[in-house]
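Breakdown of the fold
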Amino acid sequence: MGECYVGWRLSHLLVVGWVCVVGLMPVLTHGQQHDVTLSGAVVNEAGDALPGATIYIKGSSFSATTAEDGGFHLRLPQGAHRIICSMVGYRQQVHVLTLERDQRLELVLVPAEDYRLDEVEVTGKSAITEVRESPFNVVALDAKSLYNSTLDLGKMLDRASGVKIRETGGVGSNMSISLNGFTGRHIKLFMDGVPMEGFGSAFQLNNIPVNVADRIEVYKGVVPIEFGADAMGGVINIVTNQSANSYLDVSYSYGSFNTHKTNISLGHTTRGGFTFQLNAFQNYSDNDYKVRTSVLDVQTGNFSWEEYWVRRFNDAYQNETVMAKVGFVGKPWADRLLLGITLGQERAEIQHSNLMKIVFGKRERSGTTVLPSLSYEKKDLFVDNLHVRLTANYNRNYNHNIDTAARQYNWFGDFRATRYLGESSYTLGEFYNDNVSTTANITYDINEKHAFAVNNVITGYERKNADNVAVQDVYSAIDTMRRANLKNVLGASYRYRHNAAWNTNLFGKHYYQRVVGPVDTSTVAGNTAYAERIESFGTTGYGVATTYFWDDFQFKASIEKAFRLPTDNELFGDEVLETGNTTLRAENSLNYNLGINMNKTIRDAHTLYVDVNGYYRDIKDYIQRLVEQRYGTAGYSNHGQVRNIGIDAEARYYYRNRFMVGGNVTYQDMRNKERYASSTGNRPSVTYDNRMRNVPYFFGNADAAYYVHDLWGNGNVLSLSYTFNFVGEFFLDWESLGNQNTKATLPQQIYHDFSMSYMLQGGRYNIAFEARNFTNTILYDNFSLQKPGRSFALKLRYFLRKRNG
């Protein structure tokens, strides 16, 4: 107790001290100043307005984006400022002004002759830069530079510092995200600020092509209220293409294991503000790569001691998804009003359980998704500086699970007949998952210094049998009981911007959850007696985040008392390999973050970016996922107390638009701090202070890219890139159990990727080749589930864009 208390006190004092230092720096270094107004317009050489250009003040958090008429407006403190204006496809403009009174400035942007689509952009205050400069611990990844690759959003996210993507196999396999030690449902996913919870397995990140996104924002630990999330690990927000230009993006790729991927994206906005967007993508793979594993003797029922190389034979996957939006932008009554519909379907064969040695030969699942949505945004609604954003969506997932074969298979494809139907648990189950989500966000900027915001998110979930007349899986009363989950997260925040260099965000959140589901009421060991239970829970969290700019450096600090409410899958299972637990309690944690980054450009040719963040988490009622060793199913339970201390760092160097090299590394120490193993609290735990099992704690990657311009023609670019990936050895079970020779671990893994692409006519025609894990390293993630070995892919892409205006 003393050790844990002292550790908590030291970390608490350290973070509070850092917050005080960051908070006092502007007070000590700045005198009283008056604000003045800088306004103006951005135009091209012909005098036409350029909407969407970015104006920002170097070394500060002040920025603005030009409106439809090219105009902008900034309130700035008196004094000298370096004003930078940038826009994709135009040369950057830099002006140094000394502001003593209100002033107007007209900026003329000249097209960039050497502009190349998909190059790494390192100048100009893009949306990515604005995200990075918030007081929260956040990184942003640019998707545009990866459009010629076959990457999905999951593999793109794997490149972020502090993030590790864990998959159970090849294309379409189950995927979980590890962020700062938290895994899976500790991390909340959003698309354009809308929760993705309940979107269905046909719409998980490793199914979505990178071309759908403009960028990905990764918030670590402390989360702003705008997401309304009960997330302790953090939030990942996928921002899709919001361009008002007309564009068409079509691609097809073919790769190893008979993998086909197709993507079509198009959009158009008229002069009157009518807009439509369409994204459609398809994935198919046999997933018939080889794995190394022990094999069941179907005659004796024993597993071999020797491991064999065998080919997967029941793991084909396919899905098709269409996302469409239509509405209006830039109208007096709405900056953006969009109606959307997402339609998806998938079919997946199931090769094995959560343990690879337990193999299936006929088991499969399928499903469909129908998701209508609505989004509305308006700045200066009714009064100046009052901004409103509303979103709503309803999602119905249909799921069909098939397990009817009276057989037991092994990895050679051999089988023996059994007395019971079903390879695992007989089912022809059909059910619906109904999900609803609404978000309301209101922000009011009193002036440049003070702003208030209120955000409310309501999500609902209900599972229903699809065949109410003849339910084929009803064995007991539990199968007919309701399963429903309602969540409400209400947040309020106050932002104080002392000056151009320092701003702080104070916030509070109220959490509410109501769960309806079956619970085991039996008090006799080995017996079960289920009853339907309705349980409600409510609590309040709070936090503060602050940042300070000094020259090319930015300092960050944040603290939050956070809660995470159990998810639908944790409460009710997935009817396939996951079992639910409706008695789960909400997790709670004290999250602390410290950070510093530097972004420096030297002689307009060299740019260096460095970002270092440290964090401390003190978690109680931690929800852990446990795999049952006999049947390979998984379930969830509250563990107790867990402590995590970690650091992640990223560094990148750019030389003009010709060369880039960088990388990131993460180290975390996540340990069990539950001292007693018994419910009475009198039996010491033998695993106290062990690292948490099945959690990687040391990993990273490094990458480099080289660009050859005007190769075999003006506007052509050849890109060569290499990525080095590293995951250190970690324990699958408690490190204190077993002897040194029998401890279950995943060994250190090092693997390499290479890709090259050739763009013609400024990016209109593209061809790309990829070699992933080209050294054919044996790779694992969750509980020794082997991932694909060496693979190759070829991608063809056509892209056309027309600037509207």
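Now for a look at the structure at hand. (Residues numbered from 1 in each chain as written. Predicted model: local features only at pLDDT ≥ 70, side-chain atom pairs only at ≥ 80, totals over all residues. Heavy atoms only, no water.)

It is a general feature of regular strands that their side chains alternate between the two faces of the sheet. Extensive coverage of strand β19 (residues 290-296) is indicated by the burial of five of its seven residues. Taken together, the six bridges between β19 and strand β20 (residues 303-311) define a ladder with antiparallel strand orientation. Each bridged residue has a counterpart across the sheet, and for Leu296 the counterpart in β20 is Phe303. Following β19, the chain reverses through six residues before pairing antiparallel with β20; Gly301 in that reversal takes a positive phi of roughly 80 degrees. (Buried < 20%, exposed > 50% of the residue type's maximum accessible area, 1.4 Å probe, protein only. Helix = DSSP H or I, 4+ residues; strand = E, 2+ residues; numbered from the N terminus. Pairing = 2+ DSSP bridges.)

Let us look at the nonpolar core. Core analysis: the biggest nonpolar cluster contains 42 residues, and Leu153, Leu157, Ile177, Leu205 and Ile208 have the highest contact counts within it. Of all the secondary structure elements, the ones that give two or more residues to this core are β8 (138-142), α3 (153-157), β9 (163-167), β10 (175-179), β12 (187-191), β14 (213-220) and β15 (234-240). Among residues more than four places away in sequence, those in contact with Leu205 are Asp152, Leu153, Gly154, Leu157, Met175, Ile177, Leu189, Met196 and Ile238. The next biggest cluster of nonpolar side chains, apart from the first, holds 22 residues, and it includes Leu38, Ile57, Cys85 and Tyr90. (Core = buried A, V, L, I, M, F, W, Y, C linked by side-chain atoms within 4.5 Å. Contact = heavy atoms within 4.5 Å.)

Our next topic: the pairing of strand β38 (residues 659-672). Burial analysis of β38 places 10 of its 14 residues in the buried class, which makes it a mostly covered element. Here strand β37 (residues 641-655) runs beside β38; their pairing, made up of 14 bridges, is antiparallel. When the sheet's bridge partners are listed, Ala649 is paired in β38 with Val665. Taken together, β37 and the strand that follows it, β38, pair antiparallel across an intervening segment of three residues, in which Arg656 is found at a positive phi of about 45 degrees. Relative to strand β39 (residues 698-709), β38 runs antiparallel, the two sharing nine bridges. The partner of Tyr667 across the bridge, within β39, is Phe698.

Another point: the environment of Lys449. Along the chain, the position of Lys449 falls in the loop between β27 (430-445) and β28 (450-465). In the structure, Lys449 is positioned 48 residues away from Arg497 in sequence and 4.4 Å away in space, judged by C-alpha atoms. Not counting the four nearest positions on each side in its chain, Lys449 is found in contact with Arg495, Tyr496, Arg497 and His498. From its side chain, Lys449 meets the backbone oxygen of His498 in a polar contact 2.6 Å long. (Polar contact = N/O pair within 3.5 Å; in protein donor to acceptor, adjacent residues only side chain to side chain.)

Further remarks concern the pattern of salt bridges. For the structure shown, the criterion picks out 37 salt bridges. A salt bridge links Asp669 to Arg691; the shortest N-O distance between them is 3.1 Å. Here Asp669, found in strand β38, pairs with Arg691, found in the loop between β38 and β39; they are 22 residues apart in sequence, far enough to count as distant. Each member of the pair, Asp669 together with Arg691, is buried. Through salt bridges with shared partners, one network takes in Asp142, Lys144, Asp214, Arg215 and Glu217. (Salt bridge = Lys/Arg side-chain N within 4 Å of Asp/Glu carboxyl O.)

What follows deals with the sheet that holds β12. Taken in spatial order, the five strands make up an open sheet running β8-β14-β15-β12-β13, and their pairing is mixed. Strands with a single pairing partner mark the edges of an open sheet, and in this sheet they are β8 and β13 (194-195).

Across all of its chains, the model carries 23 aromatic pairs by this definition. Judged by centre distance (5.5 Å) and plane angle (55 degrees), the ring pair of Tyr398 and Tyr432 falls under tilted. With Tyr398 in strand β24 (residues 386-402) and Tyr432 in strand β27, this pair connects stretches of sequence that are 34 residues apart. Note on Tyr398: relative accessible area 19%, which makes it buried. According to the relative accessible area criterion, Tyr432 is partly exposed, its value standing at 24%. Between Tyr409 and Phe415, the ring centres sit 5.2 Å apart and the planes meet at 40 degrees, which makes this aromatic pair tilted. Given a relative accessible area of 38%, Phe415 falls into the partly exposed group. By way of ring pairs, the aromatic residues Phe313, Tyr409, Trp411 and Phe415 are connected into one cluster. Taking NZ or CZ as reference, Arg396 lies 4.1 Å from the ring centre of Tyr432, over its face. (Phe/Tyr/Trp six-rings, centres within 6.5 Å; stacked < 30°, edge-to-face > 60°. Lys NZ or Arg CZ within 6 Å of the ring centre and 35° of its normal.)

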